[in-house]
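An overview of the molecular structure
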Amino acid sequence: MTTKASDVFTLKNKNNMEVTFMAHGGRVISIKVPDAKGNMADVVIGYQTPAEALKGDAYFGALCGRYANRVVKGKFTIDDTEYQLDCNNGDNHLHGGFDGFNTRVWEVEPLELLQYEQAYKLSLVSPDGDQKYPGEVSVTVIYGITNDNQFAIEYSARTTKPTIINPTSHAYFNLKGAGTGTIENHELQLNAANYTPIAEELGTVDGSIVPVRGTPMDFTKAKKLGVTCNADDHQVKLGSGLDHNFVIDGEEGVLKLAATLSDPDSGRKMEVYTDQPGIQIYTGGHFDSSETGKLGAPIQKWEGVAMETQIFPDSPNHEHFPNAILRPDETYKHTCVYKFV
Ligand code: BGC
């Protein structure tokens, strides 16, 4: 291991867009992008220094896994063998457990790839039994930046035994700029006609896939996030805003536009492309202003929106949800692109 937890790396393109991340959790600690007039802002919420990011909220900007999102009661079965993961979120397993990918020191090395202006390769070996998952899993994540303002994340993984996998990135976006207020005025459009409602117990799902039409979850046309976050609706109350997985329309495994987020105040706009079947939209209902973030402002409820490309919550326990199992003769692949337009 040549990389230290506190090591910080920056990707830069010809438009001065900059993505900065730490080896610790692969945490993206800032993304600086221009608006239409060239004014720069840092569009991911978080702390003011890398030192604080090392100690603070374990998920800000982090790579989550092995299984991002929840596995209900931490239980799943592969080939008639039942596994019990650590439960670090009430009775459930969340984002890979107590010591998930987000708290690991990733090995980081620069990478030259034709499609990127700059790129880094992050790698990690998760040993057999890690957080009680079966199999030794070798994970590689490429962070790449292009000159048309794309920040791309490419995941791949191999395992020595059948296991489950579902990594994601947990950056919370605020296109006006971190520390300038909430995302209630941001507009979101999702190419998702369906979503997976959450059950009474936070974040777990009941296995249903429900049309968004006629509900506050309808983002098929661009809509202000505040309209949904402030709606008098049971699902919204359960999620303290949005904390829901949307089923991306179209064919799984093909890179396509899943979401567009825009901020009318700054004019900044971000498109999210993925080959994954789901996207968890989380508006950060648990932030309570007790911590100081960027620009010295308190990190408040709904300050940012995480757009986590993935399979569905608790997929391993619902046969009609996307496959979560990775076998030794397969390679897991997942691409997510955040493009600032
Ligand atoms: C989940 C939330 C959870 C948060 C933790 C999100 O991905 O959907 O329910 O509280 O992560 O940071």
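Residues numbered from 1 in each chain as written. Predicted model: local features only at pLDDT ≥ 70, side-chain atom pairs only at ≥ 80, totals over all residues. Heavy atoms only, no water.

Across its full length, the chain holds three helices and 27 strands. Expected size for 341 residues packed as a compact globule is a radius of gyration near 20 Å; at 19 Å, the chain falls within 12% of this value. If you line up the chain on its principal axes, its C-alpha atoms span 60 × 50 × 40 Å. Sequence separation of at least 24 residues holds for 67% of the intrachain contacts in the chain that already meet a minimum separation of 6. For the chain, the accessible area works out to roughly 13300 Å², and carbon and sulfur atoms hold 50% of it. (Helix = DSSP H or I, 4+ residues; strand = E, 2+ residues; numbered from the N terminus. Rg over C-alpha atoms; globule rule 2.2 N^0.38 Å. Contact = heavy atoms within 4.5 Å. Areas by Shrake-Rupley, 256 points an atom, 1.4 Å probe, with all protein chains shown as cover.)

Every residue close to the ligand is listed here: Tyr59, Arg70, His95, His170, Tyr172, Asp243, Gln280, Tyr282, His286 and Glu308. Separating an oxygen atom of the ligand from a side-chain N or O atom of Arg70 is a distance of 3.0 Å. In this structure, an oxygen atom belonging to the ligand sits 2.8 Å away from a side-chain N or O atom of His170. A per-class count over the shell around the ligand returns three nonpolar, four polar and three charged. (Near = heavy atom within 4 Å. Polar contact = N/O pair within 3.5 Å; in protein donor to acceptor, adjacent residues only side chain to side chain. Nonpolar A, V, L, I, M, F, W, Y, C, P; charged D, E, K, R; others polar.)

What follows covers the pattern of salt bridges. Tallying each qualifying case throughout the model produces 15 salt bridges. As a salt-bridge pair, Lys14 and Glu117 come within 3.8 Å of each other at their nearest N and O atoms. Here the residue Lys14 occupies a position in the loop between β1 (8-12) and β2 (18-22), and Glu117 occupies one in the loop between β10 (107-111) and β11 (118-126), the gap between them amounting to 103 residues. Classification of Lys14 by relative accessible area gives exposed; the value is 63%. (Salt bridge = Lys/Arg side-chain N within 4 Å of Asp/Glu carboxyl O. Buried < 20%, exposed > 50% of the residue type's maximum accessible area, 1.4 Å probe, protein only.)

What follows concerns unusual backbone geometry. In this model, Gly65 is joined to Arg66 through a cis peptide bond whose omega is 5 degrees. Tracing the sequence through the fold places Arg66 in the loop between β5 (63-64) and β6 (70-71). The backbone phi angle of Leu295 is positive, close to 60 degrees, even though this residue is not glycine. As for its position among the elements, Leu295 is in the loop between β24 (278-282) and β25 (305-310). The exposure class assigned to Leu295 is exposed, which follows from its relative accessible area of 65%.

Attention now goes to the side chain of His24. On the secondary structure map, His24 appears in the loop between β2 and β3 (28-34). When sequence neighbours within four positions are dropped, the list of residues in contact with His24 reads Ala5, Leu54, Asn102, Thr103, Arg104 and Val105.

Moving on to the nonpolar core. Counting 60 residues, the largest nonpolar core has Ile31, Tyr143, Phe151, Phe246, Met307, Tyr338 and Phe340 as its most contacted members. By residue number, the principal contributor to this core is strand β12 (residues 137-145), which donates five residues. Within the second largest apolar cluster, twelve residues are counted, among which are Met22, Ile45, Tyr47 and Ala178. (Core = buried A, V, L, I, M, F, W, Y, C linked by side-chain atoms within 4.5 Å.)

Here the focus is the packing of aromatic side chains. For the structure on display, the rule yields 16 aromatic pairs. Pairing Tyr172 with Phe287 gives two aromatic rings, centres 5.1 Å apart and planes at 65 degrees, and the pair type is edge-to-face. Here the residue Tyr172 occupies a position in strand β16 (residues 172-173), and Phe287 occupies one in the loop between β24 and β25, the gap between them amounting to 115 residues. Residue classification places Tyr172 among the buried residues on the basis of a relative accessible area of 1%. (Phe/Tyr/Trp six-rings, centres within 6.5 Å; stacked < 30°, edge-to-face > 60°.)

A separate point is the sheet that holds β1. Read across the open sheet, the four strands follow the order β1-β2-β3-β4; overall the sheet is antiparallel. With partners counted over all chains shown, the strands left at the sheet margins are β1 and β4 (40-42), one partner each. Across the sheet, the mean angle separating the axes of adjacent strands is 15 degrees when strand polarity is ignored. Strand direction decides the pairing type here: β3 and β4, joined by three bridges, are antiparallel. Bridging from a neighbouring strand, Pro34 pairs with Met40 of β4. (Pairing = 2+ DSSP bridges. Axes fitted to C-alpha atoms, helices over the stretch in contact; angles between N-to-C directions.)

As summarised here, the arrangement of the six strands in space is β16-β25-β24-β21-β18-β19, forming an open sheet in which the pairing is antiparallel. Each of the sheet's edge strands pairs with one partner strand only, and the pair in question is β16 and β19 (210-211). Relative to β25, β24 runs antiparallel, the two sharing five bridges. Residue Gln280 lies in a different strand from β25, and its bridge partner there is Glu308.

All right, on to the pairing of β1 then. By the alternation rule, side chains of β1 split into Phe9 and Leu11, which are all buried, and Val8, Thr10 and Lys12, of which none is buried. As paired elements, β1 and β2 share five bridges and run antiparallel to each other. Directly across from Lys12, in β2, lies its bridge partner Glu18. Hairpin connection from β1 to β2: five residues lie between these consecutive antiparallel strands, with Asn16 at a positive phi of about 65 degrees.

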